[in-house]
Amino acid sequence: MRERYGPWAVVAGASKGIGAAFAAALARENLDLVLVARRPEPLARLAADLPVRTVTVCADLADGVAPVLAATAGLDVGLVVCNAAYSPIGPFLDSDPAETKRALDLNCAAPLALAHGYLPAMAARGRGGFVLMSSLAGQQGSPGLAVYAATKAFDVVLAEGLWGELRAHGVDVVTAVAGAVSTPGLGRSTARAAPGTVTPAEVVSAALAALGRHRPRTVPGRLMKVSSALMARLLPRRTAIGVMHRANTAMLKRE
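All chains use their own residue numbering, which begins from 1 and follows the written sequence. Where totals are concerned, whole chains, interfaces and linings use all residues; where local detail is concerned, this predicted model gives features only for residues with pLDDT of at least 70, and gives and counts side-chain atom pairs only at 80 or more. Only hydrogens and water are set aside when side-chain values are computed; all heavy atoms of the structure are taken into account.

**Digging into the pattern of salt bridges**
In the sections that follow, a salt bridge refers to a side-chain nitrogen of Lys or Arg positioned within 4 Å of a carboxyl oxygen of Asp or Glu. Under the definition given, this model contains eight salt bridges. With its nearest N and O atoms 3.2 Å apart, the salt bridge here joins R4 to D172. Of this pair, R4 sits in helix α1 (residues 2-5) while D172 sits in strand β6 (residues 171-178); the two residues are 168 residues apart in sequence, bridging distant segments of the chain. Only protein chains enter the accessibility calculation, which uses a 1.4 Å probe; a residue is then buried when its area is under 20% of its type maximum, exposed when over 50%, and partly exposed in between. For R4, a relative accessible area of 31% gives the class partly exposed. Close ionic contact of D155 with K152 constitutes a salt bridge, the shortest N to O distance being 2.9 Å. Taken together, the residues span about one helical turn, with D155 and K152 both in helix α6 (residues 146-166) at a distance of three residues. The numbering of helices and of strands both runs from the N terminus, where a helix is a DSSP run of H or I of at least 4 residues and a strand a run of E of at least 2.

Spelled out as structure tokens, the structure:
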């Protein structure tokens, strides 16, 4: 892993949940880490627990990725993990335009800017990797999560296009399309975990196992794979949107 994707990896959205699990997994593979998140305290605690060299960058990527690029200017970055995300929840008509724009900036513009910032050098040297986290919410319209779902659809299509372009240059791209994950955010927003809920470690294991394989996307968890196939291939689009509407409405009632 270090030879293929090292010596340095950037993990955006690293302070907790899936991002922290990515950091731990990559540290076990002996990759040095650039850890990016908004809050300095959990970032510092995570870095202190890792047995590799670390650089911490406290930045809100919704405002741009310049701090990350500046911090890595002298480092040989061979892997980038785009995990930072923001999800405005609730009816679109009640939403704050500033909040929906933040979702667009963090979920779409930031990964795009990181791709521009790191992929050319990886392609030039003929090796590297780029992991983009997405969501099953983005497989169809998701009433109650309309903007978040749309940003996650963007992420999947971007990753698939980059996979098709960059594999000829020796650069591996994958998107992990996660369903319900037992993150701190999920624990706060629902009364109980949904069937098929996976752990952050399971998501990371699936993403890293799929990196460099013959498909541009992976869905972590067996039940979530079945759910993805059902929603995308078997159900009429209208029915799939209705399923998401009911699920999201139930989630909002439990909050």
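Once you've had a look at it, read on.
**Notes on the pairing of strand β4 (residues 77-82)**
Working note: regular strand, side chains alternate between the two faces of the sheet. Burial analysis of β4 places six of its six residues in the buried class, the great majority of the element. Here, strands pair whenever DSSP counts at least two bridges between them. Pairing of strand β1 (residues 8-12) with β4 involves five bridges; the strand directions are parallel. By the bridge assignment for β4, V11 is matched with V81. Alignment of β4 against strand β5 (residues 128-135), held across four bridges, turns out to be parallel. Within β5, the position partnered with C82 by the bridge is L132. Seen with its strands pointing away from the viewer, a crossover is right-handed when the path leading from the first strand over the helix to the second is clockwise. Crossover handedness for the path β4 to helix α5 (residues 97-125) to β5: right-handed.

**Brief notes about the pairing of strand β3 (residues 54-58)**
Where strand β2 (residues 32-37) and β3 come together, five bridges link them in parallel fashion. Within β3, the position partnered with L35 by the bridge is T56. Handedness of the β2-helix α3 (residues 40-49)-β3 crossover: right-handed.

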